[in-house]
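Chain residues, written in single-letter form:
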Amino acid sequence: MVKGYCRQGTVKCRQVSDRIIKSARKKGTITAYEARYLSEVTVWCVDQGRGRAYYRHNDVTIPKWSLTEEKGCGYITWYVAHELSHMLAKKRWGTRGHTVDFYRALVDICPRQHQSHEYGYQKRSPKKLRQARAIQKEKGYDRR
Ligand SMILES: [Zn+2]
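Residues numbered from 1 in each chain as written. Predicted model: local features only at pLDDT ≥ 70, side-chain atom pairs only at ≥ 80, totals over all residues.

Undergrad: Can you walk me through the sheet that holds strand S2 (residues 52–54) in this structure?
TA: Remark on secondary structure: sheet strands pair via backbone hydrogen bonds, oriented parallel or antiparallel. Here we have three strands laid out as an open sheet, ordered S1-S3-S2, and mixed in their pairing. Two strands close off the open sheet at either side, each with one partner strand: strand S1 (42–46) and S2. Neighbouring strand axes in the sheet, compared pairwise and without regard to direction, differ in orientation by 25° on average. The pairing of S2 with strand S3 (residues 59–63) spans three bridges and is classified as antiparallel. Bridging across to S3, Arg52 finds its partner in Thr61. (Pairing = 2+ DSSP bridges. Helix = DSSP H or I, 4+ residues; strand = E, 2+ residues; numbered from the N terminus. Axes fitted to C-alpha atoms, helices over the stretch in contact; angles between N-to-C directions.)

Written out as C-alpha cells, the structure is:
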C-alpha cells in the first residue's frame, strides 16, 4: 500500500521493532497485550522525508534515509520507537499527534538512552518529554 518502500529496509525495521517491543516487555512498561498489538504493526521503510503512523492500516513508516544517516547511536531505534509510540498512544488513550500522552508512550517503549533524539524533532519536545517522564514515574504501570 505504501509507495516506494524498500524490502531490505523492512527486514531491518522488523528486527529493530522486535527488539524495542521485547525490551519494553522485559522492563514491564507495556502489557503482554500491548506487546502483541505492537508486534502486529508493520514497519515500512519508505523513500520520503518523514515517518508516519497509519492507524487504520496498522502500519507505520520510517524514512529510508534514517537507516543510513549518521546521526549517532540508536537513531533508527528512536525513529521506529517514535512511530510505534503513535500506535501505542492511540491504543491506550485514543490520542493522535505529539501530545504529552504520546510522550508517555515513548517513555515506555523507547530505550532511555535514545530518547534524546526526540529533542531535534519538535521545539516543545524536551518539555513534553519531561512532563511525560514525571507522569510515568508517578503512575507507572497503572495507566487508567
Ligand atoms: Zn510523530
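Undergrad: Explanation requested: the environment of Glu118 in the structure shown.
TA: Mapped onto the fold, Glu118 is located in the loop between helix H5 (100–109) and helix H6 (125–139). Separated by twelve residues in sequence, Glu118 and Arg130 place their C-alpha atoms 12 Å apart. Setting aside anything within four residues of it in sequence, one finds Glu118 in contact with Trp78, Leu106, Ser125 and Leu129. (Contact = placed C-beta atoms within 7 Å.)

Undergrad: What exactly am I supposed to notice about the nonpolar core here?
TA: A general feature of soluble globular proteins is that nonpolar side chains tend to end up buried together. Core analysis: the biggest nonpolar cluster contains 32 residues, and Ile20, Val80, Ala81, Leu84, Leu106 and Ile109 have the highest contact counts within it. A per-element tally of this core places helix H4 (residues 75–93) first, with nine residues. Apart from residues lying up to four places away in sequence, Val80 is in contact with Cys13, Val16, Ser17, Ile20, Val43 and Ile62. (Core = buried A, V, L, I, M, F, W, Y, C linked by C-beta atoms within 7 Å. Buried ≥ 20, exposed ≤ 12 C-beta atoms within 10 Å, placed from the backbone.)

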